[in-house]
Number of protein chains: 2
Amino acid sequence: MSDYRYPLNDITFSLQHIAGFSRLNALRSEEVSDDLVDAILNEAGKLCEQVIAPINHSGDQEGSQIIAGEVHQAKGFKEAFSAYVEGGWGALSGAEEYGGQGLPFALSAAVSEGVQAANLAFSLCPLLNQGAIEAIETHGSEELKQTYLPKMISGEWVGSMNLTEPSAGSDLAAIQTKAIPEDDHYRLFGQKIFITWGDHQMTENIVHLVLARLPDAPEGVKGISLFIVPKFLLDASGNPSERNDVIPVSVEKKLGIHASPTCVMSFGDNDGAIGYLVGQENRGLMAMFTMMNNARQGVGLQGLAISERAYQQALEYAQERKQGMSADCTRKVEIIEHPDVLRMLMTMKSQIDAMRSLVYTAAVEIDLANLADGEAKQLHNERNGIFTPIVKGWITEQAQEITSLAVQVHGGVGFIEETGVAQHARDARILPIYEGTNGIQSLDLIGRKLQGDQGEGIQRLLVDIENELSVIELDLVSDASTLLDNIKRVRAALVEVAEAQKVCLQRMNDNPIDATGSAYSLMMLMGYTIGGWLQVRAQSKSISSDVLSDRQKASWNQSVDFYCQHILTRTYSYYQAIMLGSESISSLSSSSFVR
Amino acid sequence: MSDYRYPLNDITFSLQHIAGFSRLNALRSEEVSDDLVDAILNEAGKLCEQVIAPINHSGDQEGSQIIAGEVHQAKGFKEAFSAYVEGGWGALSGAEEYGGQGLPFALSAAVSEGVQAANLAFSLCPLLNQGAIEAIETHGSEELKQTYLPKMISGEWVGSMNLTEPSAGSDLAAIQTKAIPEDDHYRLFGQKIFITWGDHQMTENIVHLVLARLPDAPEGVKGISLFIVPKFLLDASGNPSERNDVIPVSVEKKLGIHASPTCVMSFGDNDGAIGYLVGQENRGLMAMFTMMNNARQGVGLQGLAISERAYQQALEYAQERKQGMSADCTRKVEIIEHPDVLRMLMTMKSQIDAMRSLVYTAAVEIDLANLADGEAKQLHNERNGIFTPIVKGWITEQAQEITSLAVQVHGGVGFIEETGVAQHARDARILPIYEGTNGIQSLDLIGRKLQGDQGEGIQRLLVDIENELSVIELDLVSDASTLLDNIKRVRAALVEVAEAQKVCLQRMNDNPIDATGSAYSLMMLMGYTIGGWLQVRAQSKSISSDVLSDRQKASWNQSVDFYCQHILTRTYSYYQAIMLGSESISSLSSSSFVR
């Protein structure tokens, strides 16, 4: 089993030098110094490496089980979660008025990368808690906030998200769970599926957020309300007491993230589960959307994290495993000396570098949008809106390739579960599916984000990128010739994006259903291109950096050159699919698959 | 759980109309009529659907285990194997003099597609038996053949292949298992790992083929010999009697193909395992190479088969699962009505169509090479040699994408093991690894197949393809306009291949180690291009076909159009990787990954 090492250097370089984290300080009342960032991430790294990573493989092997109506998680998880809570890690970006530390989201993202890479199954518990906190923070009454937020931000209680039902997956309009009003609360009846960490013994209470329908609610998405349903009802002093009428019915046997219990939850088998309305009646879906950007970016971050973990294991193996001979046939070599293995490792690394730059650039945009005012806020929100489906969709697609390559580098040993690398590929497979499938992400991009403002936001992004490339070009020192080539390649991709988005917009206006056939290609085209832009930025920043060693600079150069020559070229196929291949999708129907 | 349906129409169309199976009849003493092909495949389909497929998922869940020094396979497997043997399916292409039916390899491949799709883990047992049969047939003494072949061809006994050792995976030169001569036999001592179906209770004997070293053998690959080591030694009448000194030590816990026991085998824990030399001393690796083309193509066939199985399940789900609304928002629709789902399904189907055409075209080449004489034989062998790494490498890479898409079409349900679709993705993951990793395949292509004859064979292939495209173009009926576009796109890809192979050859001659950094890209570039060529052939044949219905013809058109517009365009990235990106690999070393 390979150990996880928190990639502190890469993360701080991405956060501070590529994503421009320090821009937040101008907008904050309290500065977050580079030293503080370093200190926090250094400590986070230790927790991830020493406490959370060591139970990743055992958790996968053990899974979780239901005993007497309660889920029991894998060994060591409760202790690790306690350490996480005691370290105050959950409260990092929480609101100060409810006991949080009020630090930037981007900083907590850098901590989350470590937690997720160390143990994806474990990380889902704090991730969903974060989502629940945001929903309550934004939409809950002051009473609900006072009651629940301090405990949830500290991590003594955690939230869970109860959206999906057997007939309501991507289409939440089909939700059937009922909520019947009674006094100051409601009684809920219904079944939810795929509820991540729906039950466990890690905390003294679980705060279920549940989407349900009032008896007189209109049909569709405009008739869905959001409720808090605590596992244990609170007594007069606000402490968990009586068990509420909600139970985990079963735990799914899944392809991956075995240690994260995925529950079928039953609400109201007896008198009805007591719930409290969050926000207004029938506005539950809006409350969900509030936190969706962050949660979706959180899944993109998971794609980065699991890729990093798999890459580390592959690199370590390639540096240790001897097989085959040197070029001059005089000695046995480690397999990292074989060009095809180097190709696989750099395919992983160069994409991870691009993914990380994007993740933190997008995370800083979330903070900027939170902190800025007026037009600036609007612009950051716009940028954030464009980044979100790409962070979630493109990065989680890359994670499939990267975790699969990590298996491949291992050869036959990679197929053996004991090696542990196959687990990363299994775990990663959920990422393109949950929190809105990547198909849904691409619809969000081509619909709300492109058609929504008739392409203005995306065009502004393209102009900003082009301007930045011009500045880099002007600042260019004479011997940085590959950077110039790389800029040229990114520009070629930008031209493709510019044309493709225009065509997609036209088609969305003309015939939106048919046009969505190109949505996935647009998302991937933009992902690779944005990755190229940020890789060029990274190369430029690394050349002029005074924090990187010469070896680190050389490593960045190689990563960016490789990306631009081997990865960025993939845009062409997506571009062509949009420009030429639209009818070959719109002409399809069920009968196209007849034999 | 979805049922498997043997795709009889597609297979017979591929075999007879695309691969030109009937060309074999001119070279055979006995004709294999279309009716006979239909009858055989129809029966094979039934066996696959009714007997072998139903135990696929249960076998995955159950796996196999060692009890008292013997491996016990999953329930139902012995009965299914008996049905396979009793139906004479293993003997289909076996030599008639040893009880086989002497039918073409391509026909047995069409049967194997069904067996593999029905149950990949099960199919490995007959597949490895086939490999062992070929090794003995080609290299064994007449006595060995008489003793072992009839029982192995009938399937009463099966062979296993014992190559890999802990330090000898891709590099067989490192084999350490010893063989000490004694009377008319040898005594073997050593440990083998990753031995597929290394032990089981399916047959009354197992014929292990084992690579080992004689005491005075030269180092490296020229000191390896091949031995038959039966699990049970034969008595004077040739019946299994005393147990030989070979035991399964453990069974690996793997990512997939759980029902196929992957054993650590120990030879000679006591007095030494008694073995019989196959072929000449120190020529064992040559014997292995003999059967490698067929076995590698067999793995490519597995890539096709598992893709087909996953595709069927995804298509069935997409046609049944309701989610979301119709374009006019008036009714709930099956998800196959959503363009992005259609995109995923056609991404699967169009590649499967291309893969199937390639598999059977290559299989027919094997038969042609076996049947032809003189220059024709040489040409078929040459073509076969080029196809083999592409069939194995390119198709098994596609299988990763296709089985993953099948999970994606299912959404959250796909991640639940009970659904069964995740198993296909897990099972498929071994295919790029075993029987020579895809890295090894690409080295075979750029080395033996390209540099070996200084590019002559590949150039001949390109000329033949171009000639065929010209003929199709000339024969074109006026309304087949997309075919003309598709021809144009294949030609563009051919130009890329022509340039790329020239550059690769030059580099192989100048600096072979560095040049191998482009080997994988060349393999993928050629794979997609050959897929495009055969798709165009399929479109042309389907247009003029008198066996296809109008709906089937339309389906072929859509598959080929989609392939040429969405899939074939991927060549550009591999082409650029070769043309521009060679230094960004050759400049890499272990220090490139420093942080």
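Residues numbered from 1 in each chain as written. Chains lettered and ligands numbered in written order. Predicted model: local features only at pLDDT ≥ 70, side-chain atom pairs only at ≥ 80, totals over all residues. Heavy atoms only, no water.

Under an unreviewed UniProt entry, chain A has the name Acyl-CoA dehydrogenase family protein and belongs to Marinomonas phaeophyticola. Under Sequence similarities (unreviewed entry), UniProt gives the following word-for-word description of chain A: "Belongs to the acyl-CoA dehydrogenase family." (UniProt positions renumbered as here; feature names shortened; annotations may be inferred.)

Undergrad: I'd like a rundown of the overall build of chain A, residues and numbers included.
TA: The helix and strand inventory of chain A stands at 19 helices and 14 strands. What you see for chain A is a C-alpha radius of gyration of 24 Å, in line with the 25 Å of a compact globule of 595 residues. For chain A, the spread of C-alpha atoms along the principal axes amounts to about 75 × 65 × 55 Å. Taking all 595 residues of chain A together, the buried fraction comes to 64%. Restricting to contacts in chain A with at least 6 residues of sequence separation, those with at least 24 account for 75%. About 20400 Å² of surface is accessible on chain A, with carbon and sulfur atoms providing 49% of the total. Charge separation in chain A, taken as the distance between the mean sites of 46 positive and 75 negative side-chain charges, equals 5 Å. (Helix = DSSP H or I, 4+ residues; strand = E, 2+ residues; numbered from the N terminus. Rg over C-alpha atoms; globule rule 2.2 N^0.38 Å. Buried < 20%, exposed > 50% of the residue type's maximum accessible area, 1.4 Å probe, protein only. Contact = heavy atoms within 4.5 Å. Areas by Shrake-Rupley, 256 points an atom, 1.4 Å probe, with all protein chains shown as cover. Lys, Arg positive; Asp, Glu negative; His and termini not counted. Charge placed at Lys NZ, Arg CZ, Asp CG, Glu CD.)

Undergrad: Go over the interface of chain A and chain B with me, naming the residues and quoting the values.
TA: With 89 residues of chain A at the interface, the matching set in chain B holds 89 residues. The three residues of chain A that bury the most area against chain B are Phe-415, Phe-593 and Arg-595 of chain A, which together make up 13% of that side's buried surface. At the boundary of chain A with chain B, the tally comes to 4 salt bridges. With a shortest N-O distance of 2.6 Å, Arg-595 of chain B and Glu-308 of chain A are connected by a salt bridge. At the junction of chain A and chain B, the tally comes to 50 residue pairs in polar contact (both at pLDDT 80 or more). Grouping the amino acids of the side of chain A that touches chain B by side-chain chemistry returns 33 nonpolar, 34 polar and 22 charged. (Buried area = accessible area lost by both parts, 1.4 Å probe. Salt bridge = Lys/Arg side-chain N within 4 Å of Asp/Glu carboxyl O. Polar contact = N/O pair within 3.5 Å; in protein donor to acceptor, adjacent residues only side chain to side chain. Nonpolar A, V, L, I, M, F, W, Y, C, P; charged D, E, K, R; others polar.)

Undergrad: So what's going on with the side chain of Arg-321 of chain B? Which residues, and what values?
TA: Relative to the helices and strands, Arg-321 of chain B is located in the loop between helix H8 (284–320) and strand E13 (322–325). Although Arg-321 of chain B is buried, it forms no salt bridge, and the closest oppositely charged side chain is Asp-171 of chain A at an N-O distance of 8.5 Å. Polar side-chain contacts of Arg-321 of chain B include one of 2.9 Å to the backbone oxygen of Pro-166 of chain A. Residues within four places of Arg-321 of chain B in sequence aside, it is in contact with Pro-166, Ser-167 and Gly-169 of chain A together with Val-333, Glu-334 and Ile-335 of chain B.

Undergrad: I'd love a proper account of the packing of aromatic side chains, names of residues and values included.
TA: Here the structure, examined in full by the defined rule, presents 25 aromatic pairs over all chains. Geometrically, the ring pair formed by Tyr-528 of chain B and Tyr-574 of chain B is stacked, given 6.1 Å between the ring centres and 20 degrees between the ring planes. Taken together, the residues Tyr-528 of chain B in helix H16 (residues 519–543) and Tyr-574 of chain B in helix H18 (residues 571–579) connect sequence positions 46 residues apart. Taking relative accessible area as the criterion, Tyr-528 of chain B reaches 3% and is therefore assigned buried. One Lys or Arg, Arg-343 of chain A, reaches over the ring of Tyr-520 of chain B and ends 3.7 Å from the middle of that ring. The ring centre of Trp-556 of chain B lies 5.6 Å from the NZ or CZ of Lys-349 of chain B, which sits over that ring. (Phe/Tyr/Trp six-rings, centres within 6.5 Å; stacked < 30°, edge-to-face > 60°. Lys NZ or Arg CZ within 6 Å of the ring centre and 35° of its normal.)

Undergrad: A description of the UniProt feature "domain: Acetyl-CoA dehydrogenase-like C-terminal" (unreviewed entry) in chain A should follow, citing residues and the corresponding values.
TA: Using the residue numbers shown here, the UniProt feature "domain: Acetyl-CoA dehydrogenase-like C-terminal" (unreviewed entry) corresponds to residues 483–587 of chain A. Secondary structure within residues 483–587 of chain A divides into 84% helix and 0% strand; the distance between the first and last C-alpha atoms comes to 43 Å.

Undergrad: Lay out a negative patch on the surface in plain terms, naming residues and giving numbers.
TA: Residue and element names in this part refer to chain A. Judged by side-chain charge, Glu-30, Glu-96, Glu-97 and Glu-142 come together as a negatively charged surface patch. Looking at where Glu-142 falls in the secondary structure, it is placed in helix H7 (residues 142–154). Judged by its relative accessible area of 42%, Glu-142 is partly exposed. (Patch = residues over 30% accessible without salt bridge, like charges linked within 9 Å, V, L, I, M, F, W, Y side chains within 5 Å.)

Undergrad: Describe unusual backbone geometry, with residues and values.
TA: Even without glycine at this site, Ala-68 of chain A takes up a positive phi of about 50 degrees. One can find Ala-68 of chain A in the loop between strand E1 (65–67) and strand E2 (70–72). Although it is not a glycine, Asn-282 of chain B sits at a positive phi angle of roughly 65 degrees. Relative to the assigned elements, Asn-282 of chain B resides in the loop between strand E12 (273–278) and H8.

Undergrad: Describe the pattern of salt bridges, listing the residues and the values that go with them.
TA: Residues and elements named next belong to chain A. Enumeration over the complete set of coordinates arrives at 58 salt bridges over all chains. Note that Lys-231 and Asp-199 form a salt bridge whose closest N and O atoms lie 2.7 Å from each other. With Lys-231 in the loop between strand E7 (225–230) and strand E8 (232–234) and Asp-199 in the loop between strand E5 (185–196) and strand E6 (205–212), this pair connects stretches of sequence that are 32 residues apart. Each member of the pair, Lys-231 as well as Asp-199, carries the same accessibility label: buried.

Undergrad: Run through the environment of Leu-461 of chain B, naming residues and quoting values.
TA: Residues and elements named next belong to chain B. With respect to the element layout, Leu-461 can be found in helix H13 (residues 456–474). We classify Leu-461 as buried; its relative accessible area is 0%. Along the chain, Leu-461 and Gly-76 lie 385 residues apart, while their C-alpha atoms are 45 Å from each other. Beyond its immediate chain neighbours, meaning those up to four positions away, Leu-461 contacts Arg-383, Ile-386, Phe-387, Met-526, Ile-530 and Trp-533.

Undergrad: Give a description of the relation of the copies chain A and chain B that names residues and reports values.
TA: Here chain A sits on chain B after a turn of 180 degrees about the axis and a move of 0.0 Å along it, with an RMSD of 0.0 Å. Both copies of the chain, as the preceding transformation shows, are related through a two-fold rotation axis. Interface overlap between copies is the fraction of interface residues in one copy that are interface residues in the other; for chain A against chain B it reaches 100%, indicating a shared surface. (Least-squares fit on C-alpha atoms with pLDDT ≥ 70 in both.)

Undergrad: Break down the pairing of strand E9 (residues 240–243) of chain B for me, with residues and values.
TA: All names here are of chain B. Pairing analysis gives 2 bridges linking strand E8 (residues 232–234) to E9, with the strands arranged antiparallel. Looking at the pairing, Leu-234 lines up with Pro-240 of E9. Two successive antiparallel strands, E8 and E9, enclose a turn made up of 5 residues, where Gly-238 displays a positive phi of approximately 85 degrees. (Pairing = 2+ DSSP bridges.)

Undergrad: Tell me about the side chain of Gln-552 of chain B, and please be specific about residues and values.
TA: On the secondary structure map, Gln-552 of chain B appears in helix H17 (residues 550–567). Its relative accessible area of 10% is what places Gln-552 of chain B among the buried residues. Residues contacting Gln-552 of chain B, with those up to four places away along its chain left out, are Arg-595 of chain A together with Asn-9 and Val-547 of chain B.

Undergrad: Explain the environment of Ile-472 of chain A residue by residue, including any values.
TA: Residue and element names in this part refer to chain A. Mapped onto the secondary structure, Ile-472 falls in helix H13 (residues 456–474). When its relative accessible area of 8% is taken as the criterion, Ile-472 is described as buried. The residues contacting Ile-472, other than those within four sequence positions of it, are Leu-483, Ile-487, Val-536, Arg-537 and Ser-540.

Undergrad: Help me get a handle on the packing of helix H5 (residues 105–118) of chain A against helix H9 (residues 339–371) of chain A, residues and values and all.
TA: Residue and element names in this part refer to chain A. Following both chains from N to C, one finds H5 and H9 inclined at 145 degrees, their axes separated by 8 Å at the closest point. Across the interface between the two elements, Phe-105, Ala-106, Ala-109, Ala-110 and Glu-113 of H5 pack against Arg-356, Tyr-360, Ala-363, Val-364, Ile-366 and Asp-367 of H9. Looking at side-chain class alone, the contact of H5 with H9 contains 8 nonpolar, no polar and 3 charged residues. (Axes fitted to C-alpha atoms, helices over the stretch in contact; angles between N-to-C directions.)

Undergrad: Can you break down the pairing of strand E3 (residues 157–162) of chain A residue by residue, with the values?
TA: A regular strand places its side chains so that they alternate between the two faces of the sheet. All names here are of chain A. Burial analysis of E3 places 6 of its 6 residues in the buried class, which makes it a mostly covered element. On E3, burial covers both faces: Trp-157, Gly-159 and Met-161 on one face and Val-158, Ser-160 and Asn-162 on the other are all buried. With 6 bridges joining them, E3 and E6 adopt parallel strand pairing. Paired with Ser-160 across the two strands is His-208, which belongs to E6.

Undergrad: Tell me what's going on with H5 of chain A, and back it up with residues and numbers.
TA: Owing to its 3.6 residues per turn, the α-helix aligns residues three or four sequence positions apart on the same side. In this model, H5 of chain A (14 residues) spans 20 Å end to end at C-alpha, consistent with the 20 Å of a helix rising 1.5 Å per residue. With 13 of its 14 residues buried, H5 of chain A lies for the most part within the structure. (Expected span 1.5 Å × (residues − 1).)

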